[in-house]
Amino acid sequence: MYRYDHYDQAMVDSRVEEFRDQTRRRLEGMLSEDQFKPLRLQNGLYLQLHAYMLRVAIPYGTLSGAQMHALADIAGKYDRGYGHFTTRQNIQYNWIKLDEAPDLLADLARVEMHAIQTSGNCIRNISSDQYAGAIADEIIDPRPYAELLRQWSSFHPEFLALPRKFKIAVIASQTDRAAMKLHDIGIRMVRNDAGEIGAAFYVGGGMGRTPMIAPCIREFVPVDQLITYSEACLRVYNRYGRRDNKYKARIKILVHELGREKYTRQVEEEFAHLLTQGIEPPLAELKRIATFFADPPFETGLADDVDRSDPGFALWLDRNTLPHKQPGYAIAVISLKPVGGIPGDASVEQMHLMADLATRYSFDECRVTHAQNIVLPHVRKADLFAIWQQLEAAGLGAANLDTVEDIIACPGLDYCSLANARSIPVAQKISRRFSDTGKTAELGELKLKISGCINACGHHHAGHIGILGVDRKGTENYQLLLGGSEGDDTSLGKITGPGFDEDGIVDAVERATDVYLARRQEGERFLDTYRRVGIDAFKEAIYG
Amino acid sequence: MVELLRFREDEPVADPALTVDSFSDQSNASAVRLEPGDDARDLLPFLDQLRLVEINFPSFGDGRGYSAARILREAGFDGELRAVGDVLVDQLSYMRRCGFDSFAPEKPFNPAGAQAALSRWPQVYQATGDGRRPIWALRHDAQSNG
Amino acid sequence: MKILTGNDLKSGAVTWWTGYDWSIHVEDAVDVGDEADAIAAREEGARRVNAPCAIDAERDAKGGVRPVHIKDRIRALGPTVRPDLTLKPADPEAGNWVI
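Source: prediction; values computed, not measured.

What counts, and at which threshold
Residues numbered from 1 in each chain as written. Chains lettered and ligands numbered in written order. Predicted model: local features only at pLDDT ≥ 70, side-chain atom pairs only at ≥ 80, totals over all residues. Contact = placed C-beta atoms within 7 Å. Helix = DSSP H or I, 4+ residues; strand = E, 2+ residues; numbered from the N terminus. Nonpolar A, V, L, I, M, F, W, Y, C, P; charged D, E, K, R; others polar. Pairing = 2+ DSSP bridges. Axes fitted to C-alpha atoms, helices over the stretch in contact; angles between N-to-C directions. Buried ≥ 20, exposed ≤ 12 C-beta atoms within 10 Å, placed from the backbone. Domains from an automatic or database assignment. Arc of directions from axis to C-beta. Parallel < 35°, antiparallel > 145°, perpendicular 65-115°, else oblique. Expected span 1.5 Å × (residues − 1).

Focus: the interface of chain A and chain B
Part 1 of the reasoning: Each side of the interface is counted separately: chain A has 32 residues, and chain B has 28 residues.
Part 2 of the reasoning: Mapped by element, the contributors of at least two residues to the side of chain A that touches chain B are α1 (6-27), α2 (33-41), α5 (143-153), α6 (226-240) and α9 (283-291) of chain A.
Part 3 of the reasoning: By residue class, the composition of the side of chain A that touches chain B is 15 nonpolar, nine polar and eight charged.

The structure is reproduced here in structure tokens:
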């Protein structure tokens, strides 16, 4: 994985000192809250429902064992013993003190980490495929490109006061595991007919109150123009994105209002101009970065056989591991979704264990997924049983990846000052319900996503089943959506009808799954059946 | 306290800066003020006669002026580029990178604060036309030299 | 009644105006009537509070202060999904007060 050189380290160290100075000026009254707020936000520090919340960037979701240990230590030293992994592959701490935040950032900098641009109206942390470098279907590892973009976007002086936040995802396979088309810019690395690598740009996707699927504005940007093209996309947005209404300020609205053709034309004009400006790093820089992402020294000649005699292990093996590109290895996913638990939360002890497992069994590397789980990307199949035993002992052995129990949920009204309803209790009740009824296995792949407000941090638009919490005259109310997907076949869920209370929504979800079980055809997932039979059959069962 | 922070040797322009609308009616004016909604590229035919372009930041959160500044510099404008309005000390180094070479903030800067902000970053990640060599260039210089 | 709440500037802790100081316990909150803006401006200026705002509250049956909106009740207690981290970790009924 990428390692800082003295330049990267100096930038992050300088940022810590800058923020230490800004924090001092705030505490001494030289900065008002209005002035300080955008500064603290660009260092990931929010004022949330109960305290300050700090969001730490995990570039493209990749962590070393030492970094995961450091995240655990921070949870113990500055927070209350846990952290929350988010849908953008980051981690959040919920109980941070302002006067301790600079020290926390200094601790992060010691392990080549930071909270730069994890909030605010700027280019956020770049996300990617959590299986990058391990999965067989990628045409190339997307992370060097993500790292190149990370450096370009860090402290980019022109783009620190954008109309609104800006999220970029980079993938490099046909299967989209990063919800790429639901980002402000989604980049898919592709190979053209001549065999050259380039980037397809999808611009103007997003969730929030106006969900949109990004259209492709260019099918092939040569790799030695990647930064220049990105800069053109951003400049057009910075100049013309709406600033009169924060709900219409995302780039998706600009692309929608201008139309794809007009936005594309403006980008192409700016791109042609910027190509004359010499802003593109040389290919040698991309090569330098790519060397950090070379394959680890895999052993060869390993057997693919695994002893399945323990039924609990066999279930976990079937549900939570994926084929690796290297024979004898597997990708193992640690579920942070124990039945009845809080999606994405991990304790200090659990983080330390995951760090140890990464170091011992996965070439010192782990990943955070946008579904709020942790990946051990390069595990020898012979080690899977030992890993599973240690996970089981630590409450991390849930065998439910991509099932109805593997729920994405935002922090909701339990933690978030923007939320209208709580998300976590709904997730807890749903996972308990399906665990109790034993239907989880029968339902197979079913992506259920819960947001506590219209901002859609819980990706409810993209859930096969989505739940949106709203405030109805001061009480929590939950709307049900069906038919969303974030994958290759990206689609947006449709609201079924009137909302429900907390217990009502759990019943409604179960009724929707019963329709699937009754009407599915051979090989169909919930989403396939929904698409074939349409929403009416589900509405009828839900509302009677 | 600093009311005009300037990084130029030439004499400041004494003429008041005109709005873009009134500028287009006056053929010999040398100073103009851009508002966030103005298109900096409308000034490109007049760069030879312009000695001062003020770019107004009515609110520090509106970043259109950063793009306007870069567009003017990229087109070869070498007159004074002045940030005016709600300009805060924490933005100084980024504004310098976009090509601003003078600052007339609504609320004057504390000189020590301005100095600290301007010397904050040892290096930079991007090429922006301000003459600083980005980190990627330094890295590959170093490799070819060593 | 109107009560005044905010966060402690340094620690971020949720606080409530008691008439002469800030408390982390909503029970200590007093009715600020139409004084909210003046108190908020003064206290914010003195950096004793961050992001102060006045909210609606009522007296419950036991005479305690109960914010009208669920969001403020969750602020007053803590996250309902982590009773151990709330202000009343030993009170199994605390969650019901929120809902």
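So much for the structure itself; the text now carries on.
Side note on the sheet that holds strand β14 (residues 365-368) of chain A
Residues and elements named next belong to chain A.
Part 1 of the reasoning: Taking strand neighbours across the sheet as the criterion, the five strands line up as β3-β14-β15-β12-β11 in an open arrangement whose pairing is antiparallel. Because the sheet does not close on itself, it has two edges, and the strands there are β3 (62-64) and β11 (321-323). The average undirected angle you get between the axes of adjacent strands in this sheet is 30°.
Part 2 of the reasoning: Direction of pairing for β11 relative to strand β12 (residues 329-334): antiparallel, over a ladder of three bridges. Within β12, the position partnered with L322 by the bridge is I331.

Section: unusual backbone geometry
With the exception of glycine, most residues fall at negative phi, and the peptide bonds are largely trans.
Part 1 of the reasoning: The phi angle at A:Y60 is positive, at roughly 40°, despite the residue not being glycine.
Part 2 of the reasoning: If you trace the backbone, A:Y60 turns up in the loop between β2 (52-56) and β3.
Part 3 of the reasoning: C-beta crowding within 10 Å serves as the criterion here: with 29 such atoms nearby, A:Y60 is assigned to the buried category.
Part 4 of the reasoning: Unlike most non-glycine residues, C:A51 shows phi in positive territory, near 50°.
Part 5 of the reasoning: Mapped onto the fold, C:A51 is located in strand β4 (residues 50-59).
Part 6 of the reasoning: Residue classification places C:A51 among the partly exposed positions, given that 15 C-beta atoms sit within 10 Å.

Focus: the domain arrangement of chain A
All names here are of chain A.
Part 1 of the reasoning: Taken as a whole, chain A is organised into domain 1 (6-110), domain 2 (142-290), domain 3 (311-393) and domain 4 (408-543).
Part 2 of the reasoning: Those elements that place two or more of their residues in the side of domain 1 that touches domain 3 are β3, α3 (65-77) and β4 (82-85).
Part 3 of the reasoning: Residue contributions to the side of domain 1 that touches domain 3 peak at seven residues, all from α3.
Part 4 of the reasoning: Taken together, the residues of the side of domain 1 that touches domain 3 break down into eight nonpolar, 12 polar and one charged.

What to know about helix α12 (residues 384-393) of chain A
Residue and element names in this part refer to chain A.
Part 1 of the reasoning: Buried residues of α12: L384, I387, W388 and L391, and no others. The buried residues of α12 occupy an angular sector of 100° when the element is viewed end-on, so they sit on one face.
Part 2 of the reasoning: In the core, the buried residues of α12 are packed alongside α10 (311-320), β11, β12, α11 (348-361) and β15 (374-380).
Part 3 of the reasoning: Among the residues trailing α12, G395 stands out with phi positive, at a value near 75°.

Topic: the interface of chain C and chain A
Part 1 of the reasoning: At the junction of the two partners, chain C supplies 20 residues and chain A supplies 22 residues.
Part 2 of the reasoning: Those elements giving two or more residues to the side of chain C that touches chain A turn out to be β4 and α2 (70-77) of chain C.
Part 3 of the reasoning: Here the element with the most residues in the side of chain C that touches chain A is α2(C); it accounts for four residues.

Observations regarding the packing of helix α7 (residues 251-258) of chain A against helix α8 (residues 260-274) of chain A
All names here are of chain A.
Part 1 of the reasoning: In the contact formed by α7 and α8, the axes pass within 5 Å of each other and the chain directions differ by 110°. Comparing their axes, α8 and α7 come out roughly perpendicular. Contacts between α7 and α8 involve L254, V255 and L258 on the former and, on the latter, R260, K262 and Y263.
Part 2 of the reasoning: Across the contact of α7 with α8, the residue classes tally to four nonpolar, no polar and two charged.

Some thoughts on α6(A)
Part 1 of the reasoning: Between its first and last C-alpha, α6(A) extends 22 Å over 15 residues, near the 21 Å set by a 1.5 Å rise per residue.
Part 2 of the reasoning: Along α6(A), 14 of the 15 residues are buried, which leaves the element largely enclosed by surrounding structure.

Thoughts on the arrangement of the chains
Part 1 of the reasoning: By contact count, the dominant pairing among the two pairs of chains in contact is that of chains A and B.
Part 2 of the reasoning: Without any contact between them, chain B and chain C keep their closest C-alpha atoms 18 Å apart.

Observations regarding the pairing of β4(A)
All names here are of chain A.
Part 1 of the reasoning: Residues Y82 and H84 line one face of β4 and the alternating positions G83 and F85 line the opposite face, and both faces are buried.
Part 2 of the reasoning: When β4 meets strand β13 (residues 345-347), the two strands line up antiparallel, connected through three bridges. Its bridge partner lying in β13, Y82 is registered against S347.
Part 3 of the reasoning: One ladder, built from two bridges, connects β4 with strand β5 (residues 91-96); its direction is antiparallel. Counted as the bridge partner of F85 is I91 from β5.
Part 4 of the reasoning: Counting the residues in the hairpin turn of β4 and β5 gives five residues, including Q89, whose phi is positive at 65°.

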